[in-house]
Structures are given as C-alpha cells and as structure tokens.
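Working through the structure, step by step
Each chain, letter by letter, is given below.
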Amino acid sequence: MTDSTVRTVVDALDTRYPRSWAESWDRVGLVLGEFDHPVARVLCVVDCVPETVEQAVDLGADLIVAHHPLFLKPVSSIAPDTFKGRIVHRLIRAGVALYTAHTNADVANPGVSDALAARLGLTDLRPLAPAEGAAAGEGRGLGRIGVLPGPLTLAELTRLAAERLPATSAGVRSAGDPDRPIRTVAVCGGAGDSFLPDATRAGVDAYLCADLRHHPVSEHLAAGGPALLDVAHWASERPWLDDVAAWLREVFPVEVVVSDVDTDPWTVHANRDDLEIRP
Ligand SMILES: [Zn+2]
C-alpha cells in the first residue's frame, strides 16, 4: 500500500479520474489542502456544504472527496462572511483538504452512473452517450444503459427505485403509463434532461435521472420516448460514493467514511392522500 498524504491520494484520484476527462466548463481536482499533510481518514460526499464539512471535522477527516465542485464560477473573495468563504476557512482551520471529481467521474468506467445502475440490478451496461475527446474509448461515457433481471411495469420499477436508492423527501416520480412493461433502462446520475434524445434513440423502455422538468418531459413522452423516472439529484449520485470509498480502502491504508447526510435541497414532500385535514 502507498503512504497516504494529500499528494499521494490526490495523484491516485487523478489517475482514476483524469482531470482531462472533465467537461471544459467543469472545475475538478484539489480545491484546497496541504500536499504533505498525512491522510488517515477520508469522508466521501456528494456536496461540500456546511453540514458535510461539520461531519468531516467531527470525524477528524483529513480529506473530503466531493462530487460537486465547491467553486464552478470564478469568485473575487473568499471572505468569511460569504457562504463558500466560510466553508474554505472552516476547512483550512480544521486541516481538512478538499478534492472534487465531477464530470471526470461521471464519464469514467466504472463511474457515477455504473453505481446507480448497479442499485437497480441492471446488467450488460454500456454508455448512454459514449465519451468523446480525451475520455473516449474503453466503455467510458455519460449515463449507462442496462437490462433488468426480469421485466417490470413502470409502477414496479418506480417502487424498486424508491426502495434501492437512498431515501429522500422528494422520493421517486415517474412519467408514462404505469403498466408499461420495462426491460431495458437508461440511467444518468444527476441532471439528465440533455440526454432525453439519446435515451429515445437507444430505444430503451425507461430512462431514470434527476432534475427533469414539465415541458421537456411532456414533449418527450408525446413524441413516443421512453418512460421517465425522476429521482432526487443527491440520491442518484450517492451510490457512487460507495464505489470510490471501496477503491480508496484498497489502495491506501486509510479509513473511509461515506456521508449519508442528505444534501438534496428538497426537504418536504406531501401528497394530498397523505394529508390529515383538521377542521
Ligand atoms: Zn450532480
């Protein structure tokens, strides 16, 4: 096993998820941290937000591996009276380094959508949108297409997704005929509406992703596209943390904790049927 410092762990992460595989608009890699700082404990999170930062500090973690970038747009200040500035100050004071693998982890094989597909029991996986450029080849790409172990109706697949994915207030909602038979499924961790045409072209029976909206969904269904399942963004990417954690434990003599702090911004959900109306 390799000695674990911020530098060696970052180098290994960069090899597994090369920065050149990230989309051009993305910002990945080490955000902050001392290269020579030893790493004994790592916390894997989807979002680097105050709740997960406090979890890292409480655990005595030396490094946070996050999926979403803390900084995607340029900033002119990290003053401690800004939301992100407070996070930076808290991490540096507590000696916690921060690393991000985002679209470079989405496109990897195995990547974020493989972990999502595995939760649903999908097999025979292939990319929904094969990678181009630096990441092209070797089964890399965004989203995955796979086959269910046996056919399900859309209603059954919706319940399966709700059962197998981390629980959130938003839950899982689906669009299409509840009795539609589903055998082949496309999945994409995170916002996936840009791949609706790819899912239609692939001829899958259903497509599961996060952050779907009214008009793209209704127009997609009207054009005869696959049934759609909309899940919480956090829940779609949380499964990948188990994959990266297992790999880190294999490569380094470190303790790796996966955060189950639900960082999905949607925190309340009600159906009319759930309500107890009091006069
Ligand atoms: Zn995401």
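The structure we're discussing is the one just above.
Owing to the predicted nature of the structure, the values given are computational and were not obtained by experimental measurement. (Residues numbered from 1 in each chain as written. Predicted model: local features only at pLDDT ≥ 70, side-chain atom pairs only at ≥ 80, totals over all residues. Heavy atoms only, no water.)

It is worth spelling out the state of the cysteines at this point. Throughout the structure, instances matching the rule amount to zero disulfides. Here Cys188 stays free of any disulfide, with the sulfur of Cys209 as its closest cysteine sulfur at 6.3 Å. (Disulfide = S-S within 2.5 Å.)

Reading across from one edge, β5-β6-β8-β9-β10-β7 is the order of the six strands in this open sheet, with mixed pairing throughout. Every interior strand has two partners, whereas the edge strands, β5 (123–130) and β7 (172–175), have only one. Averaged over all adjacent pairs, the angle separating strand axes in this sheet is 25 degrees, with direction ignored. (Pairing = 2+ DSSP bridges. Helix = DSSP H or I, 4+ residues; strand = E, 2+ residues; numbered from the N terminus. Axes fitted to C-alpha atoms, helices over the stretch in contact; angles between N-to-C directions.)

Glancing now at the coordination of the zinc ion. Around the zinc ion, the donor atoms from the protein are His68 (NE2), His233 (NE2), Glu237 (OE) and Glu237 (OE), and they sit 2.1 to 2.4 Å away. Classification of the site at the zinc ion rests on its four donor atoms, whose angles at the metal span 57 to 131 degrees, yielding the label irregular. Donor residues for the zinc ion sit on one chain with the sequence pattern H-x164-H-x3-E. One end of the pair, His233, and the other, Glu237, are both in helix α9 (residues 233–251), four residues apart, so they sit about a helical turn from each other. (Donors = N, O, S within 2.8 Å, 3.2 Å for Na, K, Ca; no water. Tetrahedral: all angles 85-135°; square planar, octahedral: opposite > 155°, others 65-115°.)

Before going further, it helps to examine the packing of helix α1 (residues 6–16) against α9. The geometry of α1 relative to α9 is characterised by a closest axis approach of 12 Å and an angle of 125 degrees between their N-to-C directions. Judged by the inter-axis angle, α1 sits oblique to α9. In the packing of α1 onto α9, the handedness of the crossing is right-handed. Where α1 approaches α9, its residues Val9, Ala12, Leu13 and Arg16 are matched on the opposing element by Asp243, Val244, Trp247 and Leu248. A breakdown of the residues in the contact of α1 with α9 according to their chemical character gives six nonpolar, no polar and two charged. (Parallel < 35°, antiparallel > 145°, perpendicular 65-115°, else oblique. Left-handed = near helix turned anticlockwise from the far one by under 90°. Contact = heavy atoms within 4.5 Å. Nonpolar A, V, L, I, M, F, W, Y, C, P; charged D, E, K, R; others polar.)

In short, the description is geometric, and any link to function would need to be established separately.
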